[in-house]
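Examining the three-dimensional arrangement
Single-letter residue listing:
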Amino acid sequence: MIELIKKLPKAELHLHIEGSLEPELMFRLAKKNNIDIPYNDIEDVRRAYNFTNLQTFLDIYYAGANVLMTKDDFYDLTWEYILKCVEDNVIHTEIFFDPQTHTARGVPFAAVITGIKEALDDAKEKYGITSCIIMCFLRHLSQEEAFETLEEAMAFKDDIIGVGLDSSELGNPPAKFKEVFKKAKEAGFTLVAHAGEEADFSYIYEALNLLGISRIDHGVQSIKSAALMQRLKEEQMPLTVCPNSNIELKVFDSYQAHNIKALLDYGLNVSVNSDDPAYFKGYINQNFINLCENLPLTENDIITLVKNSFRSSFIDDELKEAYLARVDLALQ
Ligand code: ADE
Ligand code: ZN
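Nothing here was measured: the structure is a model prediction, and the numbers come from that model.

To continue, consider the coordination of the zinc ion (ligand 2). Looking at the zinc ion (ligand 2), the protein donor atoms are His14 (NE2), His16 (NE2), His194 (NE2) and Asp275 (OD), and they sit 2.0 to 2.3 Å from it. For the zinc ion (ligand 2), the four donor atoms in the first shell make angles of 83 to 175° at the metal, a pattern classed as irregular. Along the chain, the residues donating to the zinc ion (ligand 2) fall in the pattern H-x1-H-x177-H-x80-D. Here histidine 16 falls in the buried class, since its relative accessible area comes to 4%.

Our next topic: the pattern of salt bridges. Taken as a whole and judged by the stated rule, the model has 13 salt bridges. Here arginine 47 ties to aspartate 44 by a salt bridge, and the two come within 3.2 Å at their closest N and O atoms. Of the two residues, arginine 47 and aspartate 44 both sit in helix α3 (residues 42–48), three residues apart, roughly one turn of that helix. Using a relative accessible area of 55% as the deciding quantity, one classes arginine 47 as exposed. With its nearest N and O atoms 2.9 Å apart, the salt bridge here joins glutamate 94 to arginine 215.

Once that is clear, we can look at the sheet that holds strand β1 (residues 10–16). Judged by pairing direction, the sheet is parallel, and its eight strands sit side by side in the order β1-β2-β3-β4-β5-β6-β7-β8 without closing on themselves. Because the sheet does not close on itself, it has two edges, and the strands there are β1 and β8 (269–272). Strand-to-strand twist in this sheet, taken as the mean axis angle between neighbours without regard to direction, amounts to 25°. Contacts from helix α7 (residues 109–127) reach β2 (90–97) and β3 (130–138) within the one sheet, and its direction differs from that of β3 by about 160°.

Mapped onto the elements of the fold, serine 168 is located in the loop between β4 (162–166) and α9 (178–186). The exposure class of serine 168 is buried, given its relative accessible area of 11%. Among the polar contacts made by the side chain of serine 168, one reaches the side chain of glutamine 55 at a distance of 2.6 Å. If we skip the residues at most four places from it in the chain, serine 168 touches Leu54, Gln55, Leu58, Arg139 and His140.

Attention now moves to the site of ligand 1. Surrounding ligand 1, one finds His16, Leu54, Phe57, Leu58, Tyr61, Asp166, Ser167, His194, Glu197, His218, Asp275 and Asp276. Histidine 218 places a side-chain nitrogen or oxygen 3.4 Å from a nitrogen atom of ligand 1. Between ligand 1 and aspartate 275 there is a distance of 2.7 Å, counted from a nitrogen atom to a side-chain nitrogen or oxygen. Compared with its free state, where it exposes 260 Å², ligand 1 has 100% of that area covered by protein. The greatest single-element share of the shell around ligand 1, amounting to four residues, is contributed by helix α4 (residues 54–65). Within the shell around ligand 1, the residues separate by chemical class into four nonpolar, four polar and four charged.

Looking now at the nonpolar core. One recurring pattern in soluble globular proteins: nonpolar side chains tend to sit buried together. Counting 110 residues, the largest nonpolar core has Phe97, Phe181 and Tyr279 as its most contacted members. The greatest single-element share of this core, amounting to eight residues, is contributed by α7.

Moving on to the environment of isoleucine 303. Here isoleucine 303 shows up in helix α15 (residues 299–311). You can call isoleucine 303 buried: its relative accessible area is 15%. Setting aside chain neighbours within four positions, we find isoleucine 303 in contact with Leu8 and Leu331.

This brings us to the packing of helix α10 (residues 202–211) against helix α11 (residues 226–235). Two elements in contact, α10 and α11, have axes separated by 11 Å at closest approach and are oriented at 40°. In terms of orientation, α10 lies oblique with respect to α11. With respect to the hand of their crossing, α10 and α11 are arranged in left-handed fashion. On α11, the residues that touch Ile204, Tyr205, Leu208 and Asn209 of α10 are Ala227, Leu228, Arg231 and Leu232. For the contact of α10 with α11, the class distribution of residues is six nonpolar, one polar and one charged.

A contiguous nonpolar surface patch, about 230 Å² in accessible area, is contributed by Leu83, Val86 and Tyr127. Within the secondary structure, leucine 83 is located in helix α5 (residues 71–88).

Tallied over the entire structure, the rule returns 16 aromatic pairs. Ring plane angle 85° and centroid distance 6.2 Å describe the contact between phenylalanine 51 and phenylalanine 280, whose orientation is recorded as edge-to-face. Within this pair, whereas phenylalanine 51 is found in the loop between α3 and α4, its partner phenylalanine 280 is found in the loop between β8 and α14 (284–294), the two being separated by 229 residues in sequence. Of the two residues examined, phenylalanine 51 and phenylalanine 280, each falls in the buried class. Chaining the aromatic ring pairs together yields one cluster made of Tyr49, Phe51, Phe57, Tyr61, Tyr62, Tyr279 and Phe280. In this structure, arginine 215 packs its charged tip against the face of phenylalanine 314, placed 4.0 Å from the ring centre.

Conventions and cut-offs
Residues numbered from 1 in each chain as written. Chains lettered and ligands numbered in written order. Predicted model: local features only at pLDDT ≥ 70, side-chain atom pairs only at ≥ 80, totals over all residues. Heavy atoms only, no water. Donors = N, O, S within 2.8 Å, 3.2 Å for Na, K, Ca; no water. Tetrahedral: all angles 85-135°; square planar, octahedral: opposite > 155°, others 65-115°. Buried < 20%, exposed > 50% of the residue type's maximum accessible area, 1.4 Å probe, protein only. Salt bridge = Lys/Arg side-chain N within 4 Å of Asp/Glu carboxyl O. Helix = DSSP H or I, 4+ residues; strand = E, 2+ residues; numbered from the N terminus. Pairing = 2+ DSSP bridges. Axes fitted to C-alpha atoms, helices over the stretch in contact; angles between N-to-C directions. Contact = heavy atoms within 4.5 Å. Polar contact = N/O pair within 3.5 Å; in protein donor to acceptor, adjacent residues only side chain to side chain. Near = heavy atom within 4 Å. Areas by Shrake-Rupley, 256 points an atom, 1.4 Å probe, with all protein chains shown as cover. Nonpolar A, V, L, I, M, F, W, Y, C, P; charged D, E, K, R; others polar. Core = buried A, V, L, I, M, F, W, Y, C linked by side-chain atoms within 4.5 Å. Parallel < 35°, antiparallel > 145°, perpendicular 65-115°, else oblique. Left-handed = near helix turned anticlockwise from the far one by under 90°. Patch = residues over 30% accessible without salt bridge, like charges linked within 9 Å, V, L, I, M, F, W, Y side chains within 5 Å. Phe/Tyr/Trp six-rings, centres within 6.5 Å; stacked < 30°, edge-to-face > 60°. Lys NZ or Arg CZ within 6 Å of the ring centre and 35° of its normal.

Written out as structure tokens, the structure reads:
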């Protein structure tokens, strides 16, 4: 099974580039940029990565992102993630970034997006890895601030395929961002949102009905509503599930208790993703391996999860077919 996981080409659809900041790079950038971080050494960092819920993680994740200051920092961050993609046979990736985390500290929007984009262009040239970039609004901030961010993003419209919604979910429902999502849609962005990660399934309904999203990030709480499950199945609405994240943030008590197999067996369009791999103990292959070691997933399940990742991606149909053919070829 592990061999199968490793040999299959994969797409990753739920990856926060700031969440791929490994402690080694964090220390290097902190020193270079003269930024204080609350850790003495790598061991110290690992000890701090002990989360009880989403918010305890976010506090540490935003503190870590403070070391990212220049275009080159964002290039290096993205390039390190690309090297993990090479290792894990990820041939297409759709990357989230949080502009507000950086612009609030005085880092120009242009430095962030250009650094990420240049690394992704080099990834295409050197490794043939394709990618797109999705900008997320921080939902703990106001809709007004999201509007300002959208305005700033318009100058980089060609480099950003979509708009998403992340950060503290509880108490910040999708409805809060209805108007800014409407404007993003009119501007031509594809829409996604984190929904039903920690908060209940009503957030998933809101994301679908009020924001008009075409992919749900996480969505694991959908299992609590039979009607919603039915709808997600009928629409084959993609759910980008992140197993390691769900365990580290205590959404489920254990891998054995994770519901991805149940969602899959019901016929939902789910894929496996790493979310914030530097914080959640592993990249995409490790997510698959942890599932296989703890749940009765079959080889066919693995193949379905991998094919779903391509089917649910935002690439054109021709490239989708080509990538699905590559999966079949790897299976021969
Ligand atoms: N930002 C980075 N990772 C996140 C997650 N899992 N949920 C919400 N916001 C995030
Ligand atoms: Zn996420």
